[in-house]
Amino acid sequence: MPAAGHSHWKLHHVLILMARRFSWPMLALAVLGASVQPALANNLLQEKAQRFHPVASSAGMVAAQEERAAAVGAAVLRQGGNAVDAAVATAFALAVTLPQAGNLGGGGFLLLWLPREGAIGTCHAAQRHPALAEALPIGRGEAVALNFRETAPLAAAADLFLRPDGSVDRTRILRSLLGSGVPGTVAGLTQVQDRYGCLPLATVMQPAIALAEKGFPVGAELSASLIAAAPLLQVDPASKRQFYKADGLPYQHGELLRQPQLAASLRCIAAQGSACFYRGRLAEKLVALMRRSGGLITMADLQLYRALWQRPLQTPFAGHRVLTMPPPSGGGATLVQLLKVLEPLNLAERGLNSAASIHLMVEAMNLAYRDRNRLLGDPDQVVMPLAELISDRYADQQRQRLSLERHRPAAELEAEPSSLSGGVNTTHLSVVDRDGGLVSLTTTLNTAYGNGIAVPGAGFLLNNEMDDFTAKPGAPNAYGLRQGGQNAIAPRRRPLSSMTPTLVFRAGGEPLLATGSPGGSRIITTVLQVLLNRLVHGLNLASAVASPRVHSQLWPDQISVEQGLSSDTIDRLRQRGHTVVLVPAMGSANSVEVPAAEHSLRVGSLGVADPRRQGAASVPEPP
Ligand code: DON
């Protein structure tokens, strides 16, 4: 594409338009601005022009998928908690109020940055523990990642889900106890709270206990979700008792859902910490269920489980510094590769969601997903060329392979078709505290309500995360990902994930934002577009999150697009050889931002609940 000529034409066109609408002094300013920063020449998206705006707070903020749980975190900030206390409080509350994805029986990833000193107090980190080798000094604080992804049980083998004829038994993966990995959530939340929190664990868990004990009025979204999930949840007697009324009917909007067994489990964790889950009362109940009903998880599996501190991946991008999750997330490495490939391609000049920009993004996505699926796995067990994958040199090579004008069919890159199915069942929350401390946390049971099986007497659902492994090389999982042997099932191995909790810092190391998303394989491209929209196209955080998204993952060989692209754009993509498919909204990137000091008229933080899913909220710390 003749980038320079094209953008000149655009600039000319924009100036004529502006001249018609605006006064000449404004136009002069625009021309001046354009000459300083050409990327803004056709950027009609300046702050005042934006249609969406973040919620502002004078102090901290919690953005999460369910309003009551977000309010719990905001109240914990007010009580003197930091971003970690608030994130842990919100995550436990989501285990009560968002049972599709919030959980005790699943796993996740977390990224945090906390200042060494701040108004909240130096209650965290170095005070109680030796320094973490994995922590990354950034600005006036440190960042670290926590991996509390599920592990395969000791008794699991690569062929666990293959029938005698070699085909994959999808029901066994998604709907049986064999699909459950050893849960990591309780280990992860208690471990991060112990090291970095300011308040006692029992204090941050209290609101979740109360929500489970006293109940909460079911919202429209949960009511509809439980109706839709009835065929899954009513098969399991414990789930049916927990999530439906005594007569088996679903709770209507406004009716009270009480979960006394879950309250007792939370109380046990609040009192005993993770020992309750991995050795004590909850371990016994979980293992008893496994024994009785043909699952693989043993007491040894639970006792061996560890959440792991990890050094975040990082890359400079558009004058900022992006930190994201390393493997066993395939998300962070893929995101870094995409940012590096795309940065020099002048997406701002090509325009937000123009056919030219989408084309380049999609071609880069396909290459990156091919690498994700072939090369990445659990770093504890497999060797992978991670450093090379996220290197500048490799990004340069990949960029050379992109045609600016033609889509390269997936078959040319690899030789198998696949189908993609959506997911609405992971959840992401972002927290910022008054010191700029950030937490980005994505957690999941995998598909909605996991395998639908609740642990009797314990009130929590089990995950079906084993579907994120390669059941058979090339056979698609729930998200249409066709993966390879690097991600085969093996004892104690963690399945490759797409969850991509991400933090962004200003050039000087000051915190800027926290983001992440659910959406299975679409998580990575969702986070990519939030970053591109905010950092390259100049949208505010709310518009960056709301803007229509596109996704491509090599297979199926198509661009999934959300409502909101023009048919002209889609036509131009088709002319380049793409198949374009309109899909339901993708992801839910609940995000927070720390405004620049000079712009903050006592605004401590900004928050955005993704408008794509009902019920999400961005709740400011109460004054
Ligand atoms: O870890 C992963 O990549 C998947 N288990 C995430 C699933 C997901 O995002 C479902 N929800 N929308």
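Residues numbered from 1 in each chain as written. Predicted model: local features only at pLDDT ≥ 70, side-chain atom pairs only at ≥ 80, totals over all residues. Heavy atoms only, no water.

**Describing the overall build of the protein chain**
Worth spelling out the cut-off: Labels follow the DSSP assignment, with helices taken as runs of H or I lasting at least four residues and strands as runs of E lasting at least two, numbered in each case from the N terminus. Type-normalised accessible area, obtained with a 1.4 Å probe on protein chains alone, sets the label of each residue: buried when under 20%, exposed when over 50%, and partly exposed for intermediate values. Any two residues whose heavy atoms approach within 4.5 Å at even a single point are treated as in contact. Areas reported here follow the Shrake-Rupley algorithm with a probe of radius 1.4 Å; residue values treat only the protein chains shown as occluding.
Looking only at helices and strands, the protein chain has 23 helices and 20 strands in total. Scored against the burial criterion, the 623 residues of the protein chain give a buried share of 61%. For the protein chain, the share of sequence-separated contacts (at least 6 apart) that also reach a separation of at least 24 residues comes to 75%. Surface summary for the protein chain: the accessible area is close to 22700 Å², and the carbon and sulfur share equals 56%.

**What about the confidence of the model for the protein chain?**
Let me state the cut-off plainly: pLDDT runs from 0 to 100 and stands for how confident the predictor is about each residue.
On average, residues of the protein chain carry a pLDDT of 90, and 89% of them reach 70 or more. Long-range and interchain partners of residues 1–45, a stretch whose pLDDT sits below 50, account for 35 contacts in this model, where long-range means more than four residues apart. Overall, residues 416–423 carries pLDDT values under 50, and its contacts beyond four positions in sequence, including any with other chains, amount to 30 contacts.

**Quick look at the site of the ligand**
As a reminder of what qualifies: One heavy atom within 4 Å of a molecule or strand is enough for the residue carrying it to be called near that molecule or strand. Any N or O atom pair separated by 3.5 Å or less is treated as a polar contact, with the protein-specific requirement of one donor-capable and one acceptor-capable atom, and with residues adjacent in sequence counted only for side-chain atom pairs. Note on residue categories: nonpolar means Ala, Val, Leu, Ile, Met, Phe, Trp, Tyr, Cys or Pro, charged means Asp, Glu, Lys or Arg, and polar means any other residue, Gly included.
Taken together, 17 residues lie around the ligand, and Thr426, Glu465, Asp468, Ser497 and Ser498 are the ones closest in. Contact between the ligand and Asp468: a nitrogen atom at 2.6 Å from a side-chain N or O atom of the residue. Between an oxygen atom of the ligand and a main-chain N or O atom of Gly520, the distance comes to 2.7 Å. For the ligand, whose accessible area on its own is 340 Å², the fraction buried by protein is 99%. Split into classes, the residues belonging to the shell around the ligand amount to 5 nonpolar, 8 polar and 4 charged.

**So, the packing of aromatic side chains**
For clarity, the threshold we go by: Here a pair means two rings of Phe, Tyr or Trp (six-membered ring of Trp) with centres within 6.5 Å. Their orientation is stacked below 30 degrees between planes, edge-to-face above 60, and tilted elsewhere.
All told, the structure shown has 6 aromatic pairs when counted by the stated rule. With 5.7 Å between their ring centres and 80° between their planes, Tyr196 and Trp309 make a pair best called edge-to-face. One end of the pair, Tyr196, is in helix H6 (residues 185–196); the other, Trp309, is in strand S8 (residues 308–310), with 113 residues separating them in the sequence. Note on accessibility: Tyr196 and Trp309 belong to one class, buried.

**Some words on the environment of Ser223**
When you line up the elements, Ser223 lands in helix H8 (residues 220–228). The sequence separation of Ser223 and Phe243 amounts to 20 residues, and the corresponding C-alpha distance is 10.0 Å. Only 3.1 Å separates the side chain of Ser223 from the backbone oxygen of Tyr251, close enough to count as a polar contact.

**Structural notes on the sheet that holds strand S17 (residues 580–582)**
The following threshold applies: Paired strands, in this sense, are two strands between which DSSP finds at least two bridges.
Within the open sheet, the 3 strands sit side by side as S15-S16-S17. Their pairing is mixed. The open sheet is flanked by strand S15 (550–551) and S17, the only strands paired with a single partner. When S15 meets strand S16 (residues 559–561), the two strands line up antiparallel, connected through 2 bridges. Within S16, the position partnered with Val550 by the bridge is Val561.

**Points about the packing of helix H17 (residues 355–375) against helix H21 (residues 522–536)**
Our working rule: An axis is simply a line fitted to the C-alpha atoms; with a helix, the fit covers only the stretch in contact. Between two such axes, the angle follows the N-to-C directions and lies from 0 to 180 degrees. Working rule for angles: under 35 degrees goes down as roughly parallel, over 145 as roughly antiparallel, 65 to 115 as roughly perpendicular, anything else as oblique. Crossings are sorted by hand: turned counterclockwise from the far helix by less than a right angle, the near helix makes the crossing left-handed, and turned clockwise it makes it right-handed.
Contact geometry for H17 and H21: axes closest at 12 Å, N-to-C directions at 140°. In this view, H17 runs oblique relative to H21, as classed from their interaxial angle. Judged by the twist between their axes, the crossing of H17 over H21 is right-handed. Between H17, through Met361, Met365, Tyr369 and Arg372, and H21, the contact on the second element is made entirely by Ile524, Thr525, Leu528, Gln529 and Leu532. For the contact of H17 with H21, the class distribution of residues is 6 nonpolar, 2 polar and 1 charged.

**Description of the sheet that holds strand S9 (residues 313–317)**
With antiparallel pairing, 7 strands are arranged side by side in an open sheet as S1-S19-S18-S14-S13-S10-S9. Looking at which strands have only one partner, the edges of the open sheet turn out to be strand S1 (55–57) and S9. The average angle at which neighbouring strand axes cross in this sheet is 20°, direction not considered. Relative to strand S19 (residues 605–608), strand S18 (residues 591–593) is paired through 3 bridges, and the arrangement is antiparallel. Within the sheet, the bridge partner assigned to Glu593 lies in S19 and is Leu606. Along the sheet face, helix H15 (residues 331–342) touches S9, strand S10 (320–324) and strand S13 (502–505) and points at about 20° away from the line of S9. Those strands touched by H21 are S9, S10, S13, strand S14 (511–515) and S18, and its axis lies near 150° from that of S14.

**Describing the pairing of S14**
Of all 5 residues in S14, 5 are buried, a share of seventy percent or more. Pairing between S13 and S14: 4 bridges, direction antiparallel. Considered in S14, the bridge of Phe505 is made with Pro511. Between S13 and the antiparallel strand that follows it, S14, lie 5 residues; Gly509 among them carries a positive phi value of about 100°. In the sheet, S14 pairs with S18 via 2 bridges, with the strands oriented antiparallel. Looking across to S18, one finds that Leu513 is bridged to Glu593.

**Some words on the pattern of salt bridges**
To be explicit about the condition: Counted as salt bridges are all cases of a side-chain nitrogen of Lys or Arg within 4 Å of a carboxyl oxygen of Asp or Glu.
Summed over the entire model, instances satisfying the criterion amount to 19 salt bridges. For the salt bridge of Asp169 with Arg163, the shortest nitrogen-to-oxygen distance reads 3.8 Å. With a shortest N-O distance of 2.7 Å, Glu562 and Arg612 are connected by a salt bridge. Of this pair, Glu562 sits in the loop between S16 and helix H23 (567–575) while Arg612 sits in the loop between S19 and strand S20 (617–620), and the two are 50 residues apart along the sequence. Classification of Arg612 as buried rests on a relative accessible area of 17%. A network of salt bridges, in which partner residues are shared, links Arg549, Glu562, Asp610 and Arg612.

**Here we look at the nonpolar core**
Just so we agree on the cut-off: Among buried residues, those of type Ala, Val, Leu, Ile, Met, Phe, Trp, Tyr and Cys that are joined through side-chain atoms within 4.5 Å constitute a nonpolar core.
Within the largest apolar cluster, 94 residues are counted, with the highest numbers of intra-cluster contacts made by Phe92, Leu104 and Leu266. Ranked by residues supplied to this core, first place goes to helix H4 (residues 83–97) with 12 residues. What Leu266 contacts, discounting residues up to four positions off in sequence, is Phe92, Val96, Leu104, Met205, Ala208, Ile209 and Ala212. Ranked by size, the runner-up nonpolar core spans 70 residues in total, among them Leu323, Val341, Ala355 and Val545.

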